Amino acid sequence: MASSEATSSAMEIEKVAAAAPAAVLRPQFEALKPHDMSDGKVQFRKVGVPPHRYAPLKRCWMEIYTPIYEQMKIDIRMNLKARKVELKTRADTPDVSNLQKCADFVHAFMLGFDVADALALLRLDDLYVDSFEIKDVKTLRGEHLSRAIGRLSGKGGKTKFAIENSTRTRIVIADTKIHILGSFLNIKVARDSLCSLILGSPAGKVYSKLRAVTARLAEKY
């Protein structure tokens, strides 16, 4: 009796197993390339070249061209008539974001950053360039403006280098325009220090405040 019940239950289990549908395999799709995403259309970026950056661009052209063409797989050329550097995607461009990264890299060079510093924009994802003018912080004219620019640089660039090294950023002071390259948090710390100098704070006070902030950041991370 027991054996007949066991065989009948075994048969029921087999029927249920046979009735159960086979596991559906998840489809595997290859990653789309940029030219696939844009239906085969080529994507472009153009970066204007200011007159005072022609000579540095000509001098550093191969340093800019090599990483963009060989590593990022983006075509680049200088359009002399339009006075712009033109970038476009290729069929073998591995990532759609490479085009914008290369455009940011060239733009950073045009703002006055060294090639070695601007190259970090291609390597890292969380780097940005922030720009502002002295008049955005305080309206200064004549000698007052000259003194403010002098406070930002310091003797022989001492103040600027101190802010750069403590905040891990790079700063370009081009007349009344200031450009900062770095991560979001570091840019904020550097900008606060520069704004204090513009408003008239002595360098010593800014240094001590900067030391306190960087020590706090070091503890946090």
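Thresholds applied
Once a new chain begins, its residue numbering starts again from 1 and follows that chain's sequence as written. Side-chain atom pairs in this predicted model are given and counted only at pLDDT of 80 or more, local residue features only at pLDDT of at least 70, and totals for whole chains, interfaces and linings cover all residues. Only heavy atoms go into the side-chain values, all of them from the structure, while hydrogens and water stay out. Secondary structure elements follow DSSP: runs of H or I of four or more residues count as helices, runs of E of two or more count as strands, with numbering from the N terminus. Residue contacts are counted whenever heavy atoms from the two residues lie within 4.5 Å of one another. Each pair of strands is called paired provided DSSP finds at least two bridges between the two strands. All axes are obtained by fitting lines to C-alpha atoms, using only the stretch in contact for helices, and the reported angles, taken between N-to-C directions, cover 0 to 180 degrees. Pairing of aromatic rings covers Phe, Tyr and Trp, the last through its six-membered ring, and needs centres within 6.5 Å; plane angles under 30 degrees mean stacked, over 60 mean edge-to-face, and all others mean tilted. Residue exposure (1.4 Å probe, protein chains only): buried if accessible area is under 20% of the type maximum, exposed if over 50%, otherwise partly exposed. Expected span of a helix, by definition, is 1.5 Å for each gap between consecutive residues, and there is one gap fewer than residues. Distance and chemistry together define a polar contact, namely a pair of N or O atoms within 3.5 Å, with one atom able to donate a hydrogen and the other to accept it when in protein, and with adjacent residues in sequence counting only for side-chain atoms on both sides. Each angle gets one of four labels, with under 35 degrees taken as roughly parallel, over 145 as roughly antiparallel, 65 to 115 as roughly perpendicular, and the rest as oblique. Here is the rule for handedness: rotate from the far helix to the near one, and if that takes an anticlockwise turn smaller than a right angle the crossing is left-handed, while a clockwise turn gives right-handed. Three categories are distinguished: nonpolar for Ala, Val, Leu, Ile, Met, Phe, Trp, Tyr, Cys and Pro, charged for Asp, Glu, Lys and Arg, and polar for the others, with Gly belonging to the last.

Asker: Mind showing me how you'd approach the environment of Ser-193 here?
Answerer: On the secondary structure map, Ser-193 appears in helix α11 (residues 184–198). As a C-alpha pair, Ser-193 and Thr-167 span 26 residues in sequence and 10.0 Å in three-dimensional space. Those residues in contact with Ser-193, other than ones at most four positions away along the chain, are Ile-163, Val-206 and Leu-210.

Asker: How do you make sense of the sheet that holds strand β3 (residues 84–89) when you look at a structure like this?
Answerer: Strands sit in the order β1-β3-β2 across an open sheet of three strands; the sheet is antiparallel. Where the open sheet ends on each side, the last strands, each with one partner, are β1 (44–48) and β2 (74–79). Between one strand axis and the next, the sheet turns by 20 degrees as a mean value, whatever way the strands run. Strands in contact with helix α5 (residues 98–111) are β1, β2 and β3; relative to β1, the strand with the most contacts, it is inclined by about 5 degrees.

Asker: Mind showing me how you'd approach the packing of aromatic side chains here?
Answerer: The geometry of an aromatic ring pair is captured by the separation of the ring centres together with the interplanar angle, meaning the angle of the planes. In total, this model carries two aromatic pairs according to the counting rule given. For the pair Trp-61 and Tyr-65, a centre-to-centre distance of 6.4 Å together with 35 degrees between the ring planes defines the contact as tilted. In this pair, Trp-61 and Tyr-65 are both assigned in helix α4 (residues 61–71), four residues apart and thus about one turn of the helix distant. We classify Tyr-65 as partly exposed; its relative accessible area is 24%.

Asker: What's the story with the environment of Arg-147 in this structure? I'm lost.
Answerer: The residue Arg-147 is located in helix α9 (residues 143–153) in this model. The spacing of Arg-147 and Ile-198 is 51 residues in sequence and 8.9 Å in space, taken between C-alpha atoms.

Asker: Looking at this structure, I do not really get α11. What am I missing?
Answerer: Because an α-helix packs 3.6 residues into every turn, residues spaced three or four apart end up facing the same way. When the terminal C-alpha atoms of α11 are compared, their 21 Å separation across 15 residues agrees well with the 21 Å that a helix rising 1.5 Å per residue should span. For α11, every residue scored as buried is listed here: Asn-186, Ile-187, Val-189, Ala-190, Ser-193, Leu-194, Ser-196, Leu-197 and Ile-198. Just beyond α11, the residue with positive phi is Gly-200, at close to 115 degrees.

Asker: In this structure, what is going on with the side chain of Thr-214? I would like to understand it.
Answerer: By the secondary structure assignment, Thr-214 is in helix α12 (residues 203–220). At a separation of 2.8 Å, a polar atom in the side chain of Thr-214 contacts the main-chain carbonyl oxygen of Leu-210. In this structure the side chain of Thr-214 is engaged in a polar contact, spanning 3.0 Å, whose partner is the backbone oxygen of Arg-211.

Asker: Sorry if this is basic, but what is going on with the packing of helix α10 (residues 158–167) against α11 here?
Answerer: Two quantities define a packed helix pair, namely the angle between the helix axes and the distance between the axes. In contact at an axis separation of 9 Å, α10 and α11 are set at 155 degrees when each is read in the N-to-C sense. Regarding the angle of α10 to α11, the classification is roughly antiparallel. Pair α10 / α11 crosses with right-handed handedness. Two secondary-structure elements touch here, α10 through Thr-159, Ile-163 and Thr-167 and α11 through Asn-186, Val-189, Ala-190, Ser-193, Leu-194 and Leu-197. Each residue belonging to the contact of α10 with α11 can be placed in one class, and the counts come to five nonpolar, four polar and no charged.

Asker: For this particular structure, what's the right way to read unusual backbone geometry?
Answerer: Negative phi is the rule for most residues except glycine; trans is the rule for most peptide bonds. We note that Arg-83 has phi near 60 degrees; this positive angle belongs to a residue other than glycine. Tracing the chain through its elements places Arg-83 in the loop between β2 and β3. Even without being glycine, Asp-175 reaches a positive phi, approximately 60 degrees. Of note, Asp-175 is situated in the loop between β5 (170–174) and β6 (177–182).

Asker: Quick question: what am I supposed to make of the sheet that holds β6 here?
Answerer: Taken in spatial order, the three strands line up as β4-β6-β5 in an open sheet, and their pairing is antiparallel. Each edge of the open sheet is held by one strand with a lone partner, namely β4 (128–133) and β5. In this sheet, adjacent strand axes meet at a mean angle of 15 degrees when their direction is disregarded. Pairing geometry for β5 and β6, over five bridges, is antiparallel. Looking across to β6, one finds that Val-172 is bridged to His-179. α11 contacts β4, β5 and β6 of the sheet and is inclined by roughly 150 degrees relative to β6.

Such coordinate-based values are descriptive only and should not be taken to indicate function.
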